[in-house]
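Fold and geometry: a report
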Amino acid sequence: MEKNKQINFVSGGKLGDFIQILYAVKGICEQNNATANIYLCDIGWDFGIKNTYGELYPILIRQSYINNIS
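Thresholds, definitions, all that
Residues numbered from 1 in each chain as written. Predicted model: local features only at pLDDT ≥ 70, side-chain atom pairs only at ≥ 80, totals over all residues. Heavy atoms only, no water. Core = buried A, V, L, I, M, F, W, Y, C linked by side-chain atoms within 4.5 Å. Buried < 20%, exposed > 50% of the residue type's maximum accessible area, 1.4 Å probe, protein only. Helix = DSSP H or I, 4+ residues; strand = E, 2+ residues; numbered from the N terminus. Contact = heavy atoms within 4.5 Å. Disulfide = S-S within 2.5 Å. Pairing = 2+ DSSP bridges. Axes fitted to C-alpha atoms, helices over the stretch in contact; angles between N-to-C directions. Polar contact = N/O pair within 3.5 Å; in protein donor to acceptor, adjacent residues only side chain to side chain. Salt bridge = Lys/Arg side-chain N within 4 Å of Asp/Glu carboxyl O.

1. Focus: the nonpolar core
F18, L22, I38, L60 and I66 are the most contacted members of the largest nonpolar core, which totals 16 residues. Among the elements of the structure, β1 (5-11), α1 (15-31), β2 (34-40), α2 (49-60) and β3 (66-69) are those that each provide at least two residues to this core. With near-sequence residues (within four places) excluded, L22 lies in contact with I38, L60, Y65 and I66.

Here is the structure:
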């Protein structure tokens, strides 16, 4: 079944917290047959938002439940 529906999520925080949030995002998307648009806020990242985004983007964008990260 094709996933047309998209759900928006906003996150900031520590990397470990973000990994746990991804598990919830995946579950919500699977229940709703949707994909996620994840918006990272510049709050709490130990290495800054630009470094964190640069490191995570190539991994996260390959996940089937993620549509976009910004």
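Picking up after the structure, the text goes on.
2. Here's the deal with the state of the cysteines
Under the defined criterion, the tally for this structure stands at zero disulfides. In this model C29 remains outside any disulfide bridge; the closest cysteine sulfur is found in C41, 17 Å from its own. Since its relative accessible area comes to 24%, C41 is described here as partly exposed.

3. Quick word on the sheet that holds β2
Hydrogen bonds along the backbone pair up the strands of a sheet, which may run parallel or antiparallel. Pairing within the open sheet is parallel, and its three strands lie in the order β1-β2-β3. At either end of the open sheet lies a strand with only one pairing partner, and these are β1 and β3. Ignoring strand direction, the axes of neighbouring strands in this sheet form an average angle of 20°. In this sheet, β2 lies alongside β1 in parallel orientation, the contact comprising seven bridges. Considered in β2, the bridge of F9 is made with I38. Across the sheet, α1 is in contact with β1, β2 and β3; its angle to β2 comes to roughly 150°. Across the face of the sheet, α2 comes into contact with β2 and β3 while running at roughly 155° to β3.

4. A closer look at the side chain of N37
You can see N37 is positioned in strand β2. In terms of polar contacts, N37 uses its side chain to reach the side chain of N8, at 3.1 Å. The residues contacting N37, other than those within four sequence positions of it, are Q6, I7, N8, F9, N67 and N68.

5. Focus on the pattern of salt bridges
Taken as a whole and judged by the stated rule, the model has two salt bridges. K14 is the salt-bridge partner of D46, the closest N and O atoms lying 2.8 Å from each other. With D46 in the loop between β2 and α2 and K14 in the loop between β1 and α1, this residue pair connects regions lying 32 residues apart in the sequence. The partly exposed category is assigned to K14, whose relative accessible area is 43%.

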